[in-house]
Amino acid sequence: MQQDLFAANASEQAERTDWRERAAWLSSEINRHNYAYYVLDAPTIPDVEYDRLFGELLVLEKAHPELVTPESPTQRVGGAPLAEFTQVMHSVPMLSLANAFGDEDAVSFDRRVCEGLMLERVEYNAELKFDGLAINLRYQDGILTQAATRGDGETGEDVTANIRTVRAIPLRLNTLLPPKVLDVRGEVLMYRADFDRMNARQREAGQKEFANPRNAAAGSLRQLAPRITAQRPLRFFAYGIGALDGADMPQTHSGLLDWYVSLGISVCNERAVVSGVDGLLEFFRQIGAKRDSLPYDIDGVVYKVNNLTQQQMLGFVTRAPRFAIAHKFPAQEALTVVLDIEVQVGRTGAITPVARLAPVFVSGVTVTNATLHNEDEIRRKDIRIGDTVIVRRAGDVIPEVVAHVPEMRPQDAREFAMPSVCPVCGSPIIKQEDEAIARCSGGWVRCAAQRKAGLQHFASRKAMDIEGLGDQLIEQLVDKNMVATAADLYRLEQPALAGLDRMADKSAQNVLNALEQSKSTTLARFLYSLGIRHVGESTAKTLASHFGGLDALARATVEELQAVPDVGPVVAQSIRQYLSDPLNLSMISQLRSAGVVWAEGEPAAAKPQPLQGKTFVLTGTLPALTREQATEMIEAAGGKVAGSVSKKTHFVVSGHEAGSKLAKAQALGITILDEAALLELLQKSQ
Ligand code: 5U1
């Protein structure tokens, strides 16, 4: 009896090991086929066979849930919808690239690089500039743990649940010895053929079609429901690195890309290591010739100094590296006819003439409108209604009318006349002598167009970020007199919202939830959202940190405002004017009463700024502080942190595995601090 029991246990055990082995084999087969299909573009099995393997794994995991691992290919299908995307701070900022718009710019780039490195000739890695969406993939011990969009370069959005559905992105790295942390950077995009098929499906289902593959990729990634993202055919190409811990950094950029390939990460094959500017321009010409036959959209090529130590030596300027540049293809142009010229009224009443065009296809989208900027521009280009014109579209930029074709002008072509009154509210249109732009004088009190544009700005992502409060909803709210100012938004009630066109109980509730959530904000966002003329995102940030609180800002005189970095007389006057208007003050007070809050800080002027005027460079890994913490502490004491060492650097803070920056600092005789010395300096200067 005892023996029988033992035999039964043993056979059960063997069976269990069999399932485990079978599940592991199925997972690895499916991953291998995913890689072949989505990364190598070389399918290895027919779709039915793939579906059979996948189905078998699903059945096995259903019967034995203990076999399911987070990295199983079945776990890509997308979980529950998210309420919102949380913010992720990038541990190494995601930079952007400077642009070269012609061969001369590329030649100048190479000259700057050669001078910076004191070399005659430099080796570069040349690759493609994808028209997609930049992303950071964090792998910890080889497992994909987080994916974040670029955002403003410092902070992005957590899109991990969506990225897990992208089969071109491995959930586990193909190595037995993975780094502790690896941040892979690259672009999520959609192939043109996949995009066409997806749009056809959307059309059949009566759903919204996307304008181009880039918008489709971006829209798919910013879906709160990962199950929808899972149905979107997204791809990925890696081209950069953020944090790396627990592995040696390769010596070259091409070596980094080769390493990625060995880890099973998708890297585009259209890349080359070339020498000197002639090598760069030859690559540009070759790619230009095959651009239309590539399966995805690109808007240029990227050149990077190949040697990573040389990259470090060159460093950065503000947000872009000196070691790389994007050489853009010329903007695409097309001919079409101006059917009419109408005017649009913006948030500050600015009147912009817009050409209504016969639909024309330019670089991937159908263009029907193009900005004409202002009346002077129309006169300068002599654009008339009925003219055949050249329309240009470059990347994501709003299409513009470049010129008219004189020999195609019809006899009855009509000149544009700027209306004397606003087409929306009937108030006089006024043009100040020193301004190119004419404005509706109605202000938001009288002009519904200004109210709508102001509310769109208030709700936008970089302002109060009110998800679901889109242009069409704002249009209805203003037209039905349900909302006049931003404060009215917070008085909206569910039944009234749900009764609007294209709204229902659930969508109305979602908007109310988003409004509720937006109440907790930052002073910088709040200031930006007010739409004060000349106060963009960056000025709003500077004002917030300079004054610390809204009341101090509201009390500031024009002279005090001008003492703020980057605030000149025009900006100071505009802020003073906005904050002296009783209507604006009342709206701000209503917003605060509605519960809009932010943390107020100490005004910069009141904080001690002992390191004012001192520039620091950080290199290597510090024992306790992260790079962000060290930067924050230096900046809080008034110091600046730069990306590269120069004669103007005062201190270099050096940690473990410090690179060429340390050597350069030593050569220049700059004071080197370790973490302890930095902390001591910060403490002493308190
Ligand atoms: N191919 C490529 N695209 N792209 C975009 N490389 C590349 N590098 C970039 C960007 C923004 O940034 C570097 C600074 C990593």
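So, here is what we can say about the structure in this document.

Each value, and the rule that gives it
Residues numbered from 1 in each chain as written. Predicted model: local features only at pLDDT ≥ 70, side-chain atom pairs only at ≥ 80, totals over all residues. Heavy atoms only, no water. Near = heavy atom within 4 Å. Polar contact = N/O pair within 3.5 Å; in protein donor to acceptor, adjacent residues only side chain to side chain. Areas by Shrake-Rupley, 256 points an atom, 1.4 Å probe, with all protein chains shown as cover. Helix = DSSP H or I, 4+ residues; strand = E, 2+ residues; numbered from the N terminus. Nonpolar A, V, L, I, M, F, W, Y, C, P; charged D, E, K, R; others polar. Buried < 20%, exposed > 50% of the residue type's maximum accessible area, 1.4 Å probe, protein only. Pairing = 2+ DSSP bridges. Axes fitted to C-alpha atoms, helices over the stretch in contact; angles between N-to-C directions. Left-handed = near helix turned anticlockwise from the far one by under 90°. Contact = heavy atoms within 4.5 Å. 1 Å grid on protein atoms, 1.4 Å probe; cavity = no way out; pocket = protein on both sides within 12 Å on 5 of 7 lines; lining within 4 Å. Points joined across faces, edges and corners; volume = space filled by probe spheres on them. Core = buried A, V, L, I, M, F, W, Y, C linked by side-chain atoms within 4.5 Å.

Around the ligand lies a shell formed by Leu-95, Leu-97, Glu-127, Leu-128, Tyr-239, Val-302, Lys-304 and Pro-321. Within the side chain of Glu-127, a nitrogen or oxygen atom sits 2.9 Å from a nitrogen atom of the ligand. About the coverage of the ligand: the protein hides 86% of its 380 Å² of free accessible area. For the shell around the ligand, the elements supplying multiple residues, two or more each, are β3 (123–130) and β10 (298–305). Considered class by class, the residues forming the shell around the ligand number six nonpolar, no polar and two charged.

Before going further, it helps to spend a moment on the pairing of strand β13 (residues 324–328). Burial runs high along β13: five of the five residues are buried. The two faces of β13 match: Ala-324, Ala-326 and Lys-328 on one face and Ile-325 and His-327 on the other face are all buried. Relative to β13, strand β2 (residues 99–100) runs parallel, the two sharing two bridges. Of the residues in β13, the one forming a bridge with Asn-99 is Ala-326. Summarising the sheet, β10 and β13 pair through five bridges and their orientation is antiparallel. Following the sheet pairing, Val-302 is matched in β13 by Ala-326.

This next bit is on the packing of helix α3 (residues 103–117) against helix α9 (residues 276–290). Across the interface, α3 lies against α9 with an axial gap of 10 Å and an inter-helix angle of 145°. Between α3 and α9 lies a crossing whose hand is right-handed. On α9, the residues that touch Asp-103, Ala-106, Val-107 and Asp-110 of α3 are Val-277, Leu-281, Phe-284 and Arg-285. A breakdown of the residues in the contact of α3 with α9 according to their chemical character gives five nonpolar, no polar and three charged.

Another aspect to go through is empty space enclosed by the protein. What the rule picks out here adds up to one cavity of 30 Å³ or more. There is about 50 Å³ of room inside the largest cavity. The set of elements that each furnish at least two residues to the lining of the largest cavity consists of β3 and β8 (235–245). Broken down by element, the residue count for the lining of the largest cavity peaks at three residues, all from β3. Residues that form the lining of the largest cavity fall into these classes: seven nonpolar, no polar and three charged.

So, on to the nonpolar core. In a soluble, globular protein the nonpolar side chains are often hidden away together inside. With 56 residues, the main nonpolar core has Leu-489, Leu-497 and Leu-543 as its most contacted residues. Excluding anything up to four places from it in sequence, Leu-497 contacts Leu-473, Leu-477, Met-482, Leu-492, Met-503, Ala-508, Val-511 and Leu-512. By size, the runner-up hydrophobic cluster in this structure holds 34 residues, among which are Leu-144, Val-166, Leu-173 and Leu-263.

Volume-wise, the second largest pocket comes out at about 1800 Å³. What lines the second largest pocket is a set of 48 residues, among which Arg-222, Leu-224, Ile-466, Glu-467 and Gly-468 lie closest to the centre. Looking at the lining of the second largest pocket, the elements that each hand over two or more residues are α6 (213–221), α14 (471–479), α17 (505–518) and β21 (520–521). With eight residues, the single largest contributor to the lining of the second largest pocket is α17. Of the residues assigned to the lining of the second largest pocket, the class counts are 15 nonpolar, 20 polar and 13 charged.

In a beta sheet, neighbouring strands pair by backbone hydrogen bonds and run either parallel or antiparallel. Strand order in the open sheet formed by four strands is β5-β4-β7-β8, and the pairing between neighbours is antiparallel. The open sheet has two edge strands, β5 (143–149) and β8, and neither has a second partner. Going from strand to strand, the sheet's axes swing by 25° on average, the running direction of each strand aside. Strand direction decides the pairing type here: strand β4 (residues 133–140) and β5, joined by six bridges, are antiparallel. Looking at β5, one finds that Leu-137 is bridged to Ala-147. Relative to β4, α6 is tilted by about 40°, and along the sheet it contacts β4 and β7 (181–189).

All right, on to the pairing of strand β16 (residues 365–371) then. One ladder, built from six bridges, connects strand β15 (residues 351–362) with β16; its direction is antiparallel. By the bridge assignment, Arg-356 is partnered in β16 with Asn-369.

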